[in-house]
Amino acid sequence: MSLSPDVLRSLERVVGADRVSTRETHRLIYSVDSYWLPQMWLDRGERMPQPDAVVFPASVAEISGVLALAHAHRIPVVPWGGGSGTQGGALPIHHGIVVDVKRLNRILEINERSLYVTAQAGVNGTELEWALNERGLTLPHYPASANCATLGGYLAPRGSGTISTKYGKAEDLVMSLEAVLPDGRVIRTPPVPNHASGPDFMRLFLGSEGTFGIITEATMRVTKLPEVRLFRAILFKDVATGLEAGRRMMVDRLDPLVIRMYDPHSTASLVKRVLGYELSGAYMIVGFDGWREIAAAQEARAMAICDELGGRDLGREPGERWWNHRYDFYYPPLSLHLPAMYGTVETVATFDRIEAIYHAKKAAIEEGFGHLGVEYIAHFSHWFPWGASLYDRFVLRAAPADPREARALHDRLWDAAVETSLRHGGMINEHHGVGLKLSRFMRAQYGAAWPLLEAIKQTIDPHGIMNPGKVGFEERPS
C-alpha cells in the first residue's frame, strides 16, 4: 500500500511540509531497529518492509492530527522513539506511517517537593537523567539503552533497568500518562497511580507497545541521589547456591539495589571478556544504596547469607568495576553483533521454578542445537520478593550465509527457548517486550484470557491501524 498524494498533502498540513519524508534514506533507516532479524536481512542485501512516509510531529496536537487522518483512511501507524528495541516492535511491517516522537522532548516540570518529573515522551533517557542529577535527583530506571531510548520507549514495552530490584520496573515508576488514541482523541490518566476510584486503565498502555495509541507525556517518580552506593562481588560454586543466596536477600527484605549472578559459562566467557577476571563458578554482584549506615548494615546481612552458603567474598573492587562497566556488555566492541546469531530469550518466574527453567532451557539449546555450534549463556537479574528474571541467550558465532536458512534456524531456536519457558511456568518475556518477535506466543501465554485482550484492542482500535502485527494482535488494518 502507498499513500495517495491527497493523504501526503494532508499530512503536510498537519505537521508541515518539511516534517513529512518519503525519502528512500528515511524509509530505509526506519525499516530497521535493534532486532537481529532485520539487521541480518539488510546485511545479506535484502530489504525489510518500509514505511510509506515518516513524520516528525512537534506537538500532541500534531500527533492527534496524524492519527485522526490515519484512522479515517485506515492507514497503519507505527510509533518510533529511539529505535533501540530488540523485539521488532517498531518495524513497519505493513508499511503506512512511522511517527517519530523525538521532537516531543521537553521536560515540563521537576517537582522537588513531591519527587516527580513530568516530561514529553520523546525525551532522551540520558538527557532526562542529566537534568535530574543537576537537582540532586535521579529517575531510578537505568536501562543499558538509556543513551538512545526515549521516555515513551521505557514505558511502552514495560522495561526494566539495572537497579529495578530496589526501585521497580519503569511501569512501577509512572504516576500518570497522556496518550493519543487511534482516532486522534487525547486522554489523560488520573494524577496519582494509587487510588480506589475505579479500574486502572493507565496500565493498558504499559506493555501495549503502541497498539492502543501513542504515549505523549508521562509523570514519573524520582528519588534523591543516594549518599553511597556499595558494591561487592561474591563467587559461588554453582547456580543453585547463588540463587538461594539471592532468594534469601529478597525474602528477608534486605532491599538490594542490584543482584546479578552470571552462570559458570557466562562467568568464564562474558565476565572474563568485559571485566578481565578469570574465575570458575557463578559470579555475583550485590549492591546497596542510600544512607551510609543503612546501606552498610544491609550489605553486612547479605554478606552473612553469602558466607553461610559458602560464597567467596571477592571484595569491593570487582563489584565497583562491574558497576562502572555495566553497559560495556551491550555496546561495541564487546557486545554481540553480526556475523553472530544471537537472541535474548529471557523470562521471569517464581523462586520455586526459576532454577528448573534455567536447566531446562540450557538443555533445550545445548542438546538441541549444540551440534551446530550454538552456545547458551545466562545471568539472573531483576529480582523480586517472589522470584527473579533469567536473562539467557543463545549464541552462534557465525550465522548461516543464506538469509532464509539463517531466519529458519533463528526461529527454531526461539521456539525451543520460549516453549520451554512456558512449559515450566515462566513468562515469554520479562522486560524486552513482545514486538514482532514474540507475537506468535501470546495466545499460548494467555490461553483463555487472550480473547479478552483482543476485545479491548478491538474497542480501542476498531480499524487495527496501530502498530499492526505486534503484541499478538491482528496483522492488517480493516
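Residues numbered from 1 in each chain as written. Predicted model: local features only at pLDDT ≥ 70, side-chain atom pairs only at ≥ 80, totals over all residues. Heavy atoms only, no water.

As a further point, take the packing of helix H1 (residues 5-15) against helix H4 (residues 60-73). Two numbers describe how H1 lies on H4: the axes approach to 9 Å, and their chain directions differ by 160 degrees. With respect to their mutual orientation, H1 and H4 come out roughly antiparallel. Classified by chirality, the crossing of H4 by H1 is right-handed. The segment H1 lies against H4, with Val7, Ser10, Leu11, Val14 and Val15 engaging Glu62, Gly65, Val66, Leu69 and His73. (Axes fitted to C-alpha atoms, helices over the stretch in contact; angles between N-to-C directions. Helix = DSSP H or I, 4+ residues; strand = E, 2+ residues; numbered from the N terminus. Parallel < 35°, antiparallel > 145°, perpendicular 65-115°, else oblique. Left-handed = near helix turned anticlockwise from the far one by under 90°. Contact = heavy atoms within 4.5 Å.)

On to helix H3 (residues 36-43). Of the positions making up H3, those classed as buried are Trp36, Leu37, Pro38, Met40 and Trp41. Each element contacted by the buried residues of H3 is listed here: strand E16 (341-344) and helix H15 (403-423). (Buried < 20%, exposed > 50% of the residue type's maximum accessible area, 1.4 Å probe, protein only.)

Here Thr165 shows up in helix H7 (residues 164-167). Relative accessible area serves as the criterion here: at 10%, Thr165 is assigned to the buried category. Of the polar contacts made by the side chain of Thr165, one reaches the backbone nitrogen of Trp383; its length is 3.0 Å. Apart from residues lying up to four places away in sequence, Thr165 is in contact with Met250, Pro256, Leu257, Val258, Ile259, His382 and Trp383. (Polar contact = N/O pair within 3.5 Å; in protein donor to acceptor, adjacent residues only side chain to side chain.)

If the charged atoms of two oppositely charged side chains come close together, the side chains can form a pair. Using the criterion set out here, one finds 28 salt bridges in the structure. A salt bridge links Arg44 to Asp43, with the shortest nitrogen-to-oxygen separation between them at 2.7 Å. With a relative accessible area of 23%, Arg44 lands in the partly exposed category. The salt bridge partner of Arg232 is Glu299, with a shortest N-O separation of 3.5 Å. Pair noted here: Arg232 is in strand E12 (residues 228-236) and Glu299 is in helix H12 (residues 292-308), with a separation of 67 residues, a long-range link. For the pair Arg232 and Glu299, a shared accessibility class is recorded, and that class is buried. Each of Arg158, Lys169, Glu171, Arg203 and Glu430 takes part in one network of salt bridges that share partners. (Salt bridge = Lys/Arg side-chain N within 4 Å of Asp/Glu carboxyl O.)

So, about the pairing of strand E6 (residues 116-120). Taking burial as the measure, the five residues of E6 include five buried ones, the bulk of the element. Where burial is concerned, the two faces of E6 agree: the one with Tyr116, Thr118 and Gln120 and the one with Val117 and Ala119 are both buried. Bridge analysis of strand E5 (residues 107-111) against E6 gives four bridges, and the strand direction is antiparallel. Note on E6: the bridge partner recorded for Ile107 is Ala119. Here E5 folds back onto E6, and the loop between the two strands holds four residues, one of which, Leu115, carries a positive phi near 60 degrees. (Pairing = 2+ DSSP bridges.)

Turning our eyes to something else, we now look at the sheet that holds strand E10 (residues 214-221). Here we have five strands laid out as an open sheet, ordered E5-E6-E10-E8-E9, and antiparallel in their pairing. Strands at the two margins of the open sheet, each flanked by one partner only, are E5 and strand E9 (186-188). Direction aside, the axes of adjacent strands within the sheet are offset by 10 degrees on average. Relative to E9, strand E8 (residues 174-180) runs antiparallel, the two sharing three bridges. Paired with Glu178 across the two strands is Arg188, which belongs to E9. Against the sheet, H4 engages E8, E9 and E10, with an angle of about 50 degrees to E8. Contacting E5 and E6, helix H5 (residues 125-133) runs over the sheet at an angle of about 35 degrees to E5.

In space, the four strands of this open sheet follow the order E1-E2-E4-E3, with mixed pairing throughout. One side of each edge strand has no neighbouring strand; the edge strands of this open sheet are strand E1 (20-21) and strand E3 (77-80). Relative to strand E4 (residues 97-100), E3 is paired through four bridges, and the arrangement is parallel. Paired with Val77 across the bridge in E4 is Ile97. Running at roughly 165 degrees to E4, H4 makes contact with strand E2 (53-55), E3 and E4 of the sheet.

Now for the environment of Arg232. Using a relative accessible area of 19% as the deciding quantity, one classes Arg232 as buried. Separated by 117 residues in sequence, Arg232 and Ala349 place their C-alpha atoms 25 Å apart. Ignoring any residue separated from it by four or fewer positions in sequence, one finds Arg232 in contact with Met284, Ile285, Val286, Glu299, Met303, Asp313, Gly315, Arg316 and Gly319. Reaching out from Arg232, the side chain makes a polar contact with the side chain of Asp313 at a distance of 3.0 Å.

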